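Spelled out, the chains give:
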Amino acid sequence: MARVLVADDSETILLLLRTRLELAGYEVETAADGQEVTERLYKGDRDRLPDLLLLDAMMPRKSGIDALRELRAAGVDTPALIVSAHQDATDANATTDLEVSGYLTKPIDFDRLLDSIAELTRT
Amino acid sequence: MSPSLANRLRIGFAIGFAVLTAMAVIGVGRFIQQRQDFEDAIARSYQVEMAARVKVAEGSGGKVARDTVAVQAERREELRDQISSDTRDTAILVAAGLIAGLTGALLLFSGLIASMRRPLEELVDAAGRLAAGDRSARVEVGGLSETATLGAAFNEMAGELELEASRRDRLDRLKDEFVLTASHELRSPLTSVQGFAELLMLERDSLTPKQVETVEIILDNCRHLVRLLNDLLDLARSDAGRLAITPKPTRVEPLIDDAVRTMRAQTEGAHQILTQQVEPGLPLIEVEADRIRQILVNLLTNAHEYSPEGASIEVTARVVDADVEIAVTDNGPGIPETQLEHIFERFVRGDAGLTQRVGGTGLGLAISKSLVELHGGTLAVESMVGVGSTFSFRLPIAGEAGGGGPARAIAEAS
């Protein structure tokens, strides 16, 4: 079963994402911000990396973009989807080197999200 | 303290008046004196002649008396010549004085006009620049006190305007920031509401019909809110000069197909006939496809929502000059002339009893207009009450000279 690490600073949205993804059959881990994402991945066993990252672009402490930049620098090549409030929030030029697999805007189109996840976690 | 124009004029007038008066008084005085002397001399001459004539008549004067009579007649002749020459001299003197005085006054005035001209020209120039939007336009304060006062007043006014404009700019920026932030912050809770409502709908089999209807209402309103937020965001971006497009050579037909497909379910629901008529062999246009689709969907949504059941809606595309013209025509109720002039303003919506089921934001046309203009075109409307409405816009053909740089943004709001 594919594992997805979801990061968002809103607990409600985390609950929503967890519920929808679990309903679709994924194993879901959650993080409240980018800092938590990087800490967990650094501390955790490298062999137990999630199959997909679903990161909110704007979060306090550390944004999803900054977390992803750190992870890429550390050699983590897990596919990542970025969720932002609207397309202005993420400058596509600033993330070209981060190998982002897709961008989603809020409110999240779950049909699109689940399609993307299915495609990215297909083994 | 600068010299005052009024003071200079006063002094100039006083001197001129004094000179002219003096000339006149001297002239008239001299004339009267000469006349008096002349008349006295003539009178004296007659007296002498009369005395001589009496003597001649009495026969007592002899030759001397007869000579005197003749001499006095000659003397009066000389006096008459003298007076006319004296009068002429006086007249010449007075005339010369008058001419000198007037010349002096003229020189004085032309000097004054010259000294006013430069500050006034500078003022006219600065006012022109200010009107043209140069908020830093000021004049050098100097010259006569009147022009100096005028200059200082102008500078003060220009300063006020500059201050007011910068205050307005700041408020505009705050407003744009506010809309951007609000639209951003509202999205998270909206995501939750919509997401959980969708979650409920995943289990619609275990919901009662009443509950399903309730959730559908929630979802309908979520979609409306999203549309409103997107529209507000577009407008704020457009106002802030941040709405940018990346035009690429694009085929017209798939764009129209796409928009028509998006609208099909809604128009069929209202038994409206939605058709498209695209001129065969249309050239590529230089546009950002998503934005043109957005404009078309906006126009089609309006046509759909404001037209009654069974109405016809048609999308056409054809070449006009160096552009492709796309038009959306409906045979709906039409727009009264009084509303037509405000139709592209924000939050202006067509009235009539139709508004009940019209779910628009009142921003669609304002945004469509901005987007068309961003592509270098204009959005036009033609409408007649009882006949229908046509909204049309032209887009540049790709590959034409000057057509479409890499990216264009609405001119920075100055």
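Residues numbered from 1 in each chain as written. Chains lettered and ligands numbered in written order. Predicted model: local features only at pLDDT ≥ 70, side-chain atom pairs only at ≥ 80, totals over all residues. Heavy atoms only, no water.

1. Observations regarding the overall build of chain A
What chain A contains, in helices and strands, is four helices and five strands. Put simply, chain A runs from its N terminus to its C terminus through helices and strands in the order β-α-β-α-β-α-β-β-α. Burial analysis of chain A (123 residues in total) assigns 50% to the buried set. The long-range share in chain A, meaning contacts at least 24 apart out of those at least 6 apart in sequence, stands at 64%. Of the roughly 6,000 Å² of accessible surface on chain A, a fraction of 45% belongs to carbon and sulfur atoms. (Helix = DSSP H or I, 4+ residues; strand = E, 2+ residues; numbered from the N terminus. Buried < 20%, exposed > 50% of the residue type's maximum accessible area, 1.4 Å probe, protein only. Contact = heavy atoms within 4.5 Å. Areas by Shrake-Rupley, 256 points an atom, 1.4 Å probe, with all protein chains shown as cover.)

2. Things to note about the interface of chain B and chain A
Between chain B and chain A, the residue contacts involve 17 residues of the former and 16 residues of the latter. Of the roughly 1,500 Å² buried at the junction of chain B and chain A (both faces included), carbon and sulfur atoms supply 67%. Taken together, chain B and chain A are joined by one salt bridge. The salt bridge partner of R20(A) is E198(B), with a shortest N-O separation of 3.7 Å. In this assembly, chain B and chain A are joined by two residue pairs in polar contact (both at pLDDT 80 or more). (Buried area = accessible area lost by both parts, 1.4 Å probe. Salt bridge = Lys/Arg side-chain N within 4 Å of Asp/Glu carboxyl O. Polar contact = N/O pair within 3.5 Å; in protein donor to acceptor, adjacent residues only side chain to side chain.)

3. Considerations on the packing of helix α6 (residues 289-306) of chain B against helix α8 (residues 364-374) of chain B
All names here are of chain B. Look at α6 against α8: their axes get within 10 Å of each other, and the N-to-C directions meet at 145°. Of the two possible hands of crossing, α6 and α8 adopt the one that is left-handed. Judged by residue contacts, R291, Q294, I295, N298, L299 and N302 of α6 engage G364, L365, I367, S368, L371 and V372 from α8. Residue composition of the contact of α6 with α8, by class: six nonpolar, five polar and one charged. (Axes fitted to C-alpha atoms, helices over the stretch in contact; angles between N-to-C directions. Left-handed = near helix turned anticlockwise from the far one by under 90°. Nonpolar A, V, L, I, M, F, W, Y, C, P; charged D, E, K, R; others polar.)

4. Notes on the sheet that holds strand β8 (residues 388-396) of chain B
Note: strands within a sheet are paired through backbone hydrogen bonds, in either parallel or antiparallel orientation. Residue and element names in this part refer to chain B. If you trace the five strands from one edge of the open sheet to the other, you get β3-β5-β6-β8-β7, paired in mixed fashion. Among the strands making up the open sheet, the edge pair consists of β3 (273-278) and β7 (379-384). Here the average twist between neighbouring strands, direction ignored, is 15°. Two elements, β7 and β8, share six bridges in a ladder whose sense is antiparallel. Across the sheet, the residue bridging to L379 is F393, located in β8. Most of the contacts of helix α5 (residues 252-269) go to β3, to which it runs at about 175°, and overall it touches β3, β5 (312-320) and β6 (323-330). Relative to the sheet, α8 contacts β7 and β8, its axis offset from that of β7 by approximately 135°. (Pairing = 2+ DSSP bridges.)

5. Description of the pairing of strand β2 (residues 27-31) of chain A
All names here are of chain A. Note: strand β1 (residues 3-7) against β2, five bridges, orientation parallel. Each residue of the ladder has a partner; that of V6, found in β2, is T30. Running through helix α1 (residues 11-23), the crossover from β1 to the neighbouring parallel element β2 is right-handed. (Right-handed = clockwise from strand over helix to strand, strands pointing away.)

6. Things to note about the packing of aromatic side chains
Given two aromatic rings, one states the distance between the centres and the angle between the planes to describe the pair. Residue and element names in this part refer to chain B. Inspection of every chain in the model, using the stated rule, returns one aromatic pair over all chains. Between the aromatic rings of F344 and F391, the centroid separation amounts to 6.4 Å while the plane-to-plane angle is 85°, which identifies the pairing as edge-to-face. With F344 in the loop between α7 (337-340) and α8 and F391 in strand β8, this pair connects stretches of sequence that are 47 residues apart. Across the ring face of Y46, the terminal group of R76 is positioned such that the distance to the ring centre comes to 3.9 Å. (Phe/Tyr/Trp six-rings, centres within 6.5 Å; stacked < 30°, edge-to-face > 60°. Lys NZ or Arg CZ within 6 Å of the ring centre and 35° of its normal.)

7. Re unusual backbone geometry
The omega angle of the peptide bond from K106(A) to P107(A) is -5°, so this bond is cis rather than trans. Residues other than glycine seldom take positive phi values, yet D321(B) does so here, at roughly 55°. For D321(B), the position within the fold is in the loop between β5 and β6. For D321(B), a relative accessible area of 66% puts it in the exposed group.

8. Comments concerning the nonpolar core
Ranked by internal contacts, the top residues of the largest apolar core, which has 43 residues, are I256(B), L296(B), I326(B) and F393(B). Each residue touching F393(B), except ones within four places of it in the same chain, is listed here: I295(B), L296(B), L299(B), V324(B), E325(B), I326(B), V372(B), T378(B) and L379(B). Grouped together as the second largest cluster of nonpolar side chains are 21 residues, V6(A), L104(A), I108(A) and L114(A) included. (Core = buried A, V, L, I, M, F, W, Y, C linked by side-chain atoms within 4.5 Å.)

Read these as layout, nothing more, since geometry by itself doesn't imply function.
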